Amino acid sequence: YGREVAGEDGIELAAHPRVGGVEAAADARDRCLRWIDLVAATAGLAQVRLTLDGDTFVGIERGAAAASARPRLVASATMSALDELLGIPAAVESAAVVETGSHAVALVVLTLSVPRLGAQSVAGSAVVRGDETDAVARAVLAAVNRRLGP
């Protein structure tokens, strides 16, 4: 916890209208949503903090305390932190950590309600680097990056 991820784990917001729009793409290339930390308690609480240009965005979700529910809880908290930046309705469709080969990978599928296009499904993944909950939050950022990226 408490670490900042590299740029590839962030969300490039160059094309997002709430942070400058496409016309500001050149200036916005260095703007990247960064992961700050995650507090995930076994008592069914997940809190995610993200930062962009010195502004902090916090998402808090409460749910089942079961270990099997933790990926969805963390994904929902991450989406909650992103609500203000996305500016569109979004929901976690599924979140899981799966074994593939010799690696564990967090997989997340989100549904975004995009004006004039309707519901759009996006998916993201992140290799588990020690902590599964950290990987789930990074997978959400990867999924949203597919929608907001340049």
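In this text, all values refer to a predicted model and were calculated from it rather than measured experimentally. (Residues numbered from 1 in each chain as written. Predicted model: local features only at pLDDT ≥ 70, side-chain atom pairs only at ≥ 80, totals over all residues. Heavy atoms only, no water.)

On to the overall build of the protein, then. A tally of helices and strands in the protein yields three helices and seven strands. Start at the N end of the protein and walk to the C end: the helices and strands fall as β-α-β-β-β-α-β-β-β-α. Taking all 150 residues of the protein together, 43% fall into the buried category. Across the protein, the fraction of contacts at a sequence separation of at least 24, relative to all contacts at a separation of at least 6, is 41%. Carbon together with sulfur atoms contributes 50% to the accessible area of the protein, which is approximately 7500 Å² in total. (Helix = DSSP H or I, 4+ residues; strand = E, 2+ residues; numbered from the N terminus. Buried < 20%, exposed > 50% of the residue type's maximum accessible area, 1.4 Å probe, protein only. Contact = heavy atoms within 4.5 Å. Areas by Shrake-Rupley, 256 points an atom, 1.4 Å probe, with all protein chains shown as cover.)

This paragraph deals with the confidence of the model for the protein. On average, residues of the protein score 76 in pLDDT, and 70% of them reach the 70 mark or higher. A low-confidence stretch, residues 1-30 (pLDDT under 50), is modelled with 61 contacts involving residues beyond four sequence positions or located in other chains. (pLDDT = per-residue confidence, 0-100.)

With phi around 65 degrees, Arg116 is a residue other than glycine that occupies positive phi space. Tracing the backbone shows Arg116 in the loop between strand S6 (103-114) and strand S7 (118-127).

Let us now look at the nonpolar core. Membership of the largest hydrophobic core comes to 35 residues, with the highest contact counts inside it found for Met79, Leu82, Val108, Leu110, Val140 and Val144. Of all elements in the fold, only strand S3 (45-52), helix H2 (70-86), strand S5 (90-100), S6, S7 and helix H3 (132-148) reach the threshold of two or more residues within this core. For this core, the element with the most residues is H2, which contributes nine residues. (Core = buried A, V, L, I, M, F, W, Y, C linked by side-chain atoms within 4.5 Å.)

Right, let's get into H2. Relative to the 24 Å expected for 17 residues at 1.5 Å per residue, H2 spans 23 Å between its end C-alpha atoms, a close match to the ideal helical length. Largest kink in H2: about 30 degrees, centred on Ser80. Among all positions in H2, only Pro71, Leu73, Val74, Ala75, Ala77, Thr78, Met79, Ala81, Leu82, Leu85 and Leu86 are buried. (Expected span 1.5 Å × (residues − 1). Bend = angle between axes of the 7 residues up to and from the residue.)

Turning next to the sheet that holds S5. Taken in spatial order, the three strands line up as S5-S6-S7 in an open sheet, and their pairing is antiparallel. Each edge of the open sheet carries a strand with a single partner, namely S5 and S7. Averaged over all adjacent pairs, the angle separating strand axes in this sheet is 15 degrees, with direction ignored. Summarising the sheet, S5 and S6 pair through ten bridges and their orientation is antiparallel. In the strand pairing of S6, Val92 is matched with Leu110. (Pairing = 2+ DSSP bridges. Axes fitted to C-alpha atoms, helices over the stretch in contact; angles between N-to-C directions.)

Of the pairings in the sheet, the one linking S6 to S7 comprises ten bridges and is antiparallel in character. Bridge assignment links Ser113 to a residue of S7, and that residue is Ala119. Taking the residues between adjacent antiparallel strands as the criterion, S6 and S7 are bridged by three residues, where Arg116 takes a positive phi near 65 degrees.

Turning our attention to the side chain of Arg138. Within the secondary structure layout, Arg138 lies in helix H3. For Arg138, a relative accessible area of 3% corresponds to the buried category. Here Asp134 takes part through its side chain, which lies 2.8 Å from a polar atom of the side chain of Arg138. (Polar contact = N/O pair within 3.5 Å; in protein donor to acceptor, adjacent residues only side chain to side chain.)

Our focus in this paragraph is the environment of Leu85. By secondary structure assignment, the location of Leu85 is in helix H2. For Leu85, a relative accessible area of 8% corresponds to the buried category. Considering only alpha carbons, one finds Leu85 and Leu52, 33 residues apart in sequence, at a separation of 9.7 Å.

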